[in-house]
Amino acid sequence: MSDKVVISMRGIETRFGEKVVHENVDLTVYEGEIFGLLGGSGSGKTTLMREMIMLLKPAAGKVNVLGYDLDNISREDAHILRTKWGVLFQFGALFTSLTVADNIAVWLREYTTISETMIRQIVHTKLEMVGLAPSVGNLYPAELSGGMIKRAGLARALVMDPKLLFLDEPTSGLDPVSAEAFDNLITELRHLLGLTIVMVTHDIDTIFNVVDRMAVLGDRHIVAEGSLKEILKNDHPFIRQFFGGNRAKVRIKAMEMESSS
Ligand SMILES: Nc1ncnc2c1ncn2[C@@H]1O[C@H](COP(=O)(O)OP(=O)(O)O)[C@@H](O)[C@H]1O
Ligand SMILES: [Mg+2]
């Protein structure tokens, strides 16, 4: 893994009215890694991600993304920065009135002057990249399965060839087989495209199979940041609780047996 910092958050505080969501949150995402944001429902994972992509300004603290200080960024730089990342929101539904191909092409039509012929070629490539047949481009979102919708959303997130990808609970709502297939796709694309990925997840399989390093949010703070091994050594009650379920226990046991054999 690279030691080049892609995202740094320091002393982040987030409030909605009286409610304090984050207090003194620090985290660092390095180039080329798949960084997991973990924590219970409502712990502020999505909110933290929104602060990384300029959809929300924290009440205090510093956010730096790809060398840009988001507090002091010019309009022009903000525009450039937005084209350098792709986002797949948890409920980032595709536009229902557009075909899959037109959904994928939205940013190209918005941000570039690329010809229609080129756009069709790029859409074709992106569909292939996420494992969808070219004919899927002609379908409407309502005609797709859950797994296909996620893949189409991923194709749209990758359309500008970003180096940085944000995924909010990408496998939630998928059956276990589709979820595993999506996890494998993410891992492949990371290598193929040299991506840095920030992924909000509480899927135990994803955490064990895909994530390199992670930060665990609990009680307004990051209670731990590190590799899975480091996190599992941590005795914080939030971590004990998070990895205390049966599915996690089975995976931990398997990991221990693997490393002792
Ligand atoms: N725009 C908002 N206005 C008021 N409260 C919000 C807003 N967005 C999020 N919250 C609150 O902040 C907390 C964290 O939300 P969120 O980041 O969505 O959690 P998570 O993604 O970890 O489930 C929740 O209590 C949520 O209700
Ligand atoms: Mg969320």
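Keep in mind the model is a prediction, meaning the values are calculated, not measured.

**A short note on the overall build of the protein**
Scanning the protein for helices and strands turns up ten helices and ten strands. The C-alpha radius of gyration of the protein comes to 19 Å, within 12% of the 18 Å expected for a compact globule of 261 residues. Expressed along its principal axes, the backbone C-alpha trace of the protein runs to roughly 55 × 45 × 35 Å. For the protein, with 261 residues in total, the buried portion stands at 45%. Contacts spanning at least 24 positions in sequence make up 64% of the contacts within the protein whose residues lie at least 6 apart.

**Concerning the nonpolar core**
In terms of nonpolar packing, the biggest core is built from 33 residues, with Leu154, Leu165, Leu167, Ile186 and Ile197 touching the most fellow members. At the level of elements, helix 3 (100-111), helix 4 (116-129), helix 5 (146-157), strand 7 (164-168), helix 6 (176-193) and strand 8 (196-200) are the ones that each hand at least two residues to this core. Looking at which element gives the most residues to this core, the answer is helix 6, with five residues. Composition of this core by domain shows at least three residues from each of domain 1 (1-84 + 164-227) and domain 2 (94-161). If near-sequence neighbours (up to four positions away) are discounted, isoleucine 197 is found in contact with Glu33, Ile34, Phe35, Leu165, Leu167, Ile186 and Arg190. Listed in part, the 27 residues of the second largest apolar core include Val6, Met9, Ile53 and Val65.

**As for unusual backbone geometry**
Despite not being glycine, leucine 66 shows a phi value in the positive range, around 50°. Note on placement: leucine 66 falls in the loop between strand 4 (60-65) and strand 5 (68-69). Judged by relative accessible area, leucine 66 falls into the partly exposed class, the value being 32%. Phi angles above zero are rare outside glycine, and glutamate 169 is one such case at about 45°. Summarising the element assignment, glutamate 169 is placed in the loop between strand 7 and helix 6. Here glutamate 169 falls in the buried class, since its relative accessible area comes to 10%.

**A look at the packing of helix 3 against helix 5**
Look at helix 3 against helix 5: their axes get within 8 Å of each other, and the N-to-C directions meet at 30°. Classified by the interaxial angle, the pair formed by helix 3 and helix 5 is roughly parallel. Along this stretch, helix 3 crosses helix 5, giving a crossing that reads as right-handed. Residue-level inspection shows Val100, Asn103, Ile104 and Trp107 of helix 3 in contact with helix 5, the latter providing Ala152, Ala155 and Arg156. A breakdown of the residues in the contact of helix 3 with helix 5 according to their chemical character gives five nonpolar, one polar and one charged.

Reading the values: rules and limits
- Residues numbered from 1 in each chain as written.
- Chains lettered and ligands numbered in written order.
- Predicted model: local features only at pLDDT ≥ 70, side-chain atom pairs only at ≥ 80, totals over all residues.
- Heavy atoms only, no water.
- Helix = DSSP H or I, 4+ residues; strand = E, 2+ residues; numbered from the N terminus.
- Rg over C-alpha atoms; globule rule 2.2 N^0.38 Å.
- Buried < 20%, exposed > 50% of the residue type's maximum accessible area, 1.4 Å probe, protein only.
- Contact = heavy atoms within 4.5 Å.
- Core = buried A, V, L, I, M, F, W, Y, C linked by side-chain atoms within 4.5 Å.
- Domains from an automatic or database assignment.
- Axes fitted to C-alpha atoms, helices over the stretch in contact; angles between N-to-C directions.
- Parallel < 35°, antiparallel > 145°, perpendicular 65-115°, else oblique.
- Left-handed = near helix turned anticlockwise from the far one by under 90°.
- Nonpolar A, V, L, I, M, F, W, Y, C, P; charged D, E, K, R; others polar.

Interpretation note: all reported values are geometric properties and have no functional meaning in isolation.
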